[in-house]
Amino acid sequence: MNRYEGRRALVTGGGSGIGQATVLRMLAEGGRVVAADVSEAGLADTVAKAGDAATRLTTVVMDVADEDSVKAGVATAVQALGGLDAVVNAAGILRSSHTHETTLASFEQVLRINLVGTFLVVRETIPALREGNGAAVVNFSSTSAMFAHPYMAAYAASKGGIQSMTHALASEYAGAGIRFNSVQPGSISSGMTDGSGASKQSAGPGLPADADMSLFMKLAPALGQGFAGPETVAGVVAMLASDDGAFITGTEVRIDGGTHF
Ligand SMILES: NC(=O)c1ccc[n+]([C@@H]2O[C@H](COP(=O)([O-])OP(=O)(O)OC[C@H]3O[C@@H](n4cnc5c(N)ncnc54)[C@H](O)[C@@H]3O)[C@@H](O)[C@H]2O)c1
């Protein structure tokens, strides 16, 4: 499949996990890609994994929570690619704690990176996407947006916000030819779920020591032997952001191996 030949894509969170797998998938399908991440080490890892396809890969260090950094990063990406057809907002962090012990700074950091970061990248890329071909944006919600995930109130709120925002954007920009969808991954091995995130920001503290683990009994995939690899999500993201998804907008796709029905 070469759905990305002639296609220009920006992927945030491209230095680890699902974002990195999406970059590699789009390159494998012939695309030209800018991988953006706050982690330089993560981006270097993505370049190494791209092999020969790295000639079609540009990396940009960008903090999605910082307005000036997003403005500069998007401008660099659009210049490097000569335009933009697809944007994937995979950058994100997870913080877990009892809600009654969660600091305002921690709650706001999760909202800032996940929700406000997605808004900033969307806002800055819309002018280029308006001029793009079959323009499409894929945002990252989560199963936590619709199903209870204890000790992750800020994260769940950020992902619910992203999902709602995606519907509003789809309606607002359908006339401009830009599609907006979100994915809801769950139970995917990545820096976020195994704590080995490329950036310390993504490897947040784990569950509280006294967490009631029985609450997680319901959160196991029905398919397979456990967590799936990030490429499982990347393939779906690549479809949604390609012309194969040309008649899909304003919706979400759950990719969780049947953890939730
Ligand atoms: N893994 C799962 O099971 C799962 C489930 C639901 C949703 N998600 C979502 O998938 C997306 C990708 O996460 P992942 O699981 O691959 O985790 P990951 O930690 O492997 O990747 C996240 C990437 O985002 C980057 N990042 C963090 N803060 C940033 C910032 N301020 N600016 C730019 N980049 C930043 C990190 O450096 C990292 O490379 C996230 O939005 C996450 O919330 C993952």
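Residues numbered from 1 in each chain as written. Predicted model: local features only at pLDDT ≥ 70, side-chain atom pairs only at ≥ 80, totals over all residues. Heavy atoms only, no water.

### Here's the deal with the site of the ligand
Inference 1: In the region of the ligand, 31 residues are neighbours, and Ser16, Ile18, Asp37, Tyr155 and Ser190 sit closest.
Inference 2: The side chain of Asp37 places a nitrogen or oxygen atom 2.6 Å from an oxygen atom of the ligand.
Inference 3: A distance of 2.8 Å separates a nitrogen atom of the ligand from a polar atom in the side chain of Asp63.
Inference 4: Coverage of the ligand by the protein amounts to 98% of the 820 Å² it exposes when considered alone.
Inference 5: Take the shell around the ligand: its biggest share by element is 3 residues, from helix H6 (residues 191-194).
Inference 6: For the shell around the ligand, the class distribution of residues is 13 nonpolar, 15 polar and 3 charged. (Near = heavy atom within 4 Å. Polar contact = N/O pair within 3.5 Å; in protein donor to acceptor, adjacent residues only side chain to side chain. Areas by Shrake-Rupley, 256 points an atom, 1.4 Å probe, with all protein chains shown as cover. Helix = DSSP H or I, 4+ residues; strand = E, 2+ residues; numbered from the N terminus. Nonpolar A, V, L, I, M, F, W, Y, C, P; charged D, E, K, R; others polar.)

### Let's talk about the nonpolar core
Soluble globular proteins tend to pack their nonpolar side chains together in the buried interior.
Inference 1: Counting residues in each nonpolar core, the largest one holds 42 residues, and the members touching the most others are Leu10, Ile178 and Phe180.
Inference 2: Considering every element that reaches this core, the biggest residue donor is helix H4 (residues 104-130), with 10 residues.
Inference 3: When neighbours within four sequence positions are excluded, Ile178 is seen to be in contact with Ile126, Leu129, Arg130, Ala135, Val137 and Tyr173.
Inference 4: Grouped together as the second largest cluster of nonpolar side chains are 26 residues, Ala35, Phe140, Ala238 and Ile255 included. (Core = buried A, V, L, I, M, F, W, Y, C linked by side-chain atoms within 4.5 Å. Buried < 20%, exposed > 50% of the residue type's maximum accessible area, 1.4 Å probe, protein only. Contact = heavy atoms within 4.5 Å.)

### Topic: the confidence of the model for the chain
Inference 1: Per-residue confidence for the chain averages 94 on the pLDDT scale, and 96% of its residues sit at or above 70.
Inference 2: The low-confidence segment residues 197-204, where pLDDT is below 50, has 23 contacts with residues more than four positions distant or belonging to other chains. (pLDDT = per-residue confidence, 0-100.)

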